[in-house]
Amino acid sequence: MSTYYFVIVGHNDNPIYEKEFSTVNKELRKEDHRHLTQFIAHAALDLVDEHKWKTANMQLKSIDRFNQWFVSAFITASQIRFIIVHDNKNDEGIKNFFNEMYDTYIKHSMNAFYRINTPIKSQMFEKKSEIFGRKYLLS
């Protein structure tokens, strides 16, 4: 069983986009970890901000742990934060997922009708995150 909670956080600590990936069918899931993973991601924002000044890398790997949950982060050039809360180690898959989503985010943010720091409601962005999540996180 693998569960991943992906969130893009804006400059004002506001969630711009969030998506959950899981190998467990929603009907079979006994516990809903959605609120817990949101809380863990929000609590890790200070650690992300602290770690981003210590390295020149955009990929911060695993920066925090809460019980069985790990937190991995990615900082864009414009200081938008990508955070994944996950319950198993998959550093290479997460790295590839972050890179693909960063490319998708850049293309989306170049749209003249999109304002930075506003929620992403694009069906194409949603579709690409589904594809990359299945390819890199759940495979």
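Look up a bit, the structure's there.
These numbers come from a predicted model, not from an experiment.

Participant: Kindly report on the overall build of the chain, identifying the contributing residues and their values.
Facilitator: Counting its secondary structure elements, the chain contains four helices and five strands. For the chain, the α and β elements follow one another from N to C terminus as β-β-α-α-β-β-β-α-α. Relative to its length of 139 residues, the chain is compact, with a C-alpha radius of gyration of 14 Å against a globular reference of 14 Å. Projected onto the principal axes, the alpha-carbon positions of the chain cover approximately 40 × 35 × 25 Å. By the burial criterion, 45% of the 139 residues in the chain qualify as buried. Across the chain, contacts joining residues at least 24 apart in sequence account for 55% of those joining residues at least 6 apart. Of the accessible surface of the chain, which amounts to about 8,000 Å², a share of 52% is contributed by carbon and sulfur atoms. Measuring between centres, the 19 positive side-chain charges of the chain sit 5 Å from its 17 negative side-chain charges.

Participant: How would you sum up the nonpolar core? Please name residues and give values.
Facilitator: Residues Phe6, Ile8, Phe82 and Phe97 are the most contacted members of the largest nonpolar core, which totals 22 residues. Breaking this core down by element, the ones donating at least two residues are β1 (3-9), β2 (15-22), β5 (81-86), α3 (91-109) and α4 (123-137). Among the elements that take part in this core, α3 stands out by supplying six residues, more than any other. With 16 residues, the next largest nonpolar core counts Val7, Ile40, Ala44 and Ala73 among its residues.

Participant: Any chance you could break down the packing of α3 against α4 for me, citing the residues and the numbers?
Facilitator: Between α3 and α4, the least distance of the axes is 9 Å, while the angle of their chain directions is 165°. Judged on the interaxial angle alone, α4 and α3 are roughly antiparallel. By crossing handedness, the relation of α3 to α4 is classed as right-handed. Contact with α3, carried on its side by Gly93, Ile94, Asn96, Phe97, Glu100, Met101, Thr104, Tyr105 and His108, involves Phe125, Lys128, Ser129, Phe132, Gly133, Tyr136 and Leu137 of α4 and no other residues of that element. Here the contact of α3 with α4 is composed, by residue class, of eight nonpolar, six polar and two charged.

Participant: Got a sec to walk through the pattern of salt bridges? Specific residues and values, please.
Facilitator: Applying the stated criterion across every chain yields a total of eight salt bridges. Here Lys19 ties to Glu126 by a salt bridge, and the two come within 2.8 Å at their closest N and O atoms. Separated by 107 residues along the polypeptide, Lys19 in strand β2 and Glu126 in helix α4 bring together distant segments of the chain. The exposure class of Lys19 is buried, given its relative accessible area of 13%. A relative accessible area of 31% places Glu126 in the partly exposed class. The closest approach of N and O atoms between Asp49 and Arg81, which form a salt bridge, is 3.1 Å.

Cut-off values and rules
Residues numbered from 1 in each chain as written. Predicted model: local features only at pLDDT ≥ 70, side-chain atom pairs only at ≥ 80, totals over all residues. Heavy atoms only, no water. Helix = DSSP H or I, 4+ residues; strand = E, 2+ residues; numbered from the N terminus. Rg over C-alpha atoms; globule rule 2.2 N^0.38 Å. Buried < 20%, exposed > 50% of the residue type's maximum accessible area, 1.4 Å probe, protein only. Contact = heavy atoms within 4.5 Å. Areas by Shrake-Rupley, 256 points an atom, 1.4 Å probe, with all protein chains shown as cover. Lys, Arg positive; Asp, Glu negative; His and termini not counted. Charge placed at Lys NZ, Arg CZ, Asp CG, Glu CD. Core = buried A, V, L, I, M, F, W, Y, C linked by side-chain atoms within 4.5 Å. Axes fitted to C-alpha atoms, helices over the stretch in contact; angles between N-to-C directions. Parallel < 35°, antiparallel > 145°, perpendicular 65-115°, else oblique. Left-handed = near helix turned anticlockwise from the far one by under 90°. Nonpolar A, V, L, I, M, F, W, Y, C, P; charged D, E, K, R; others polar. Salt bridge = Lys/Arg side-chain N within 4 Å of Asp/Glu carboxyl O.

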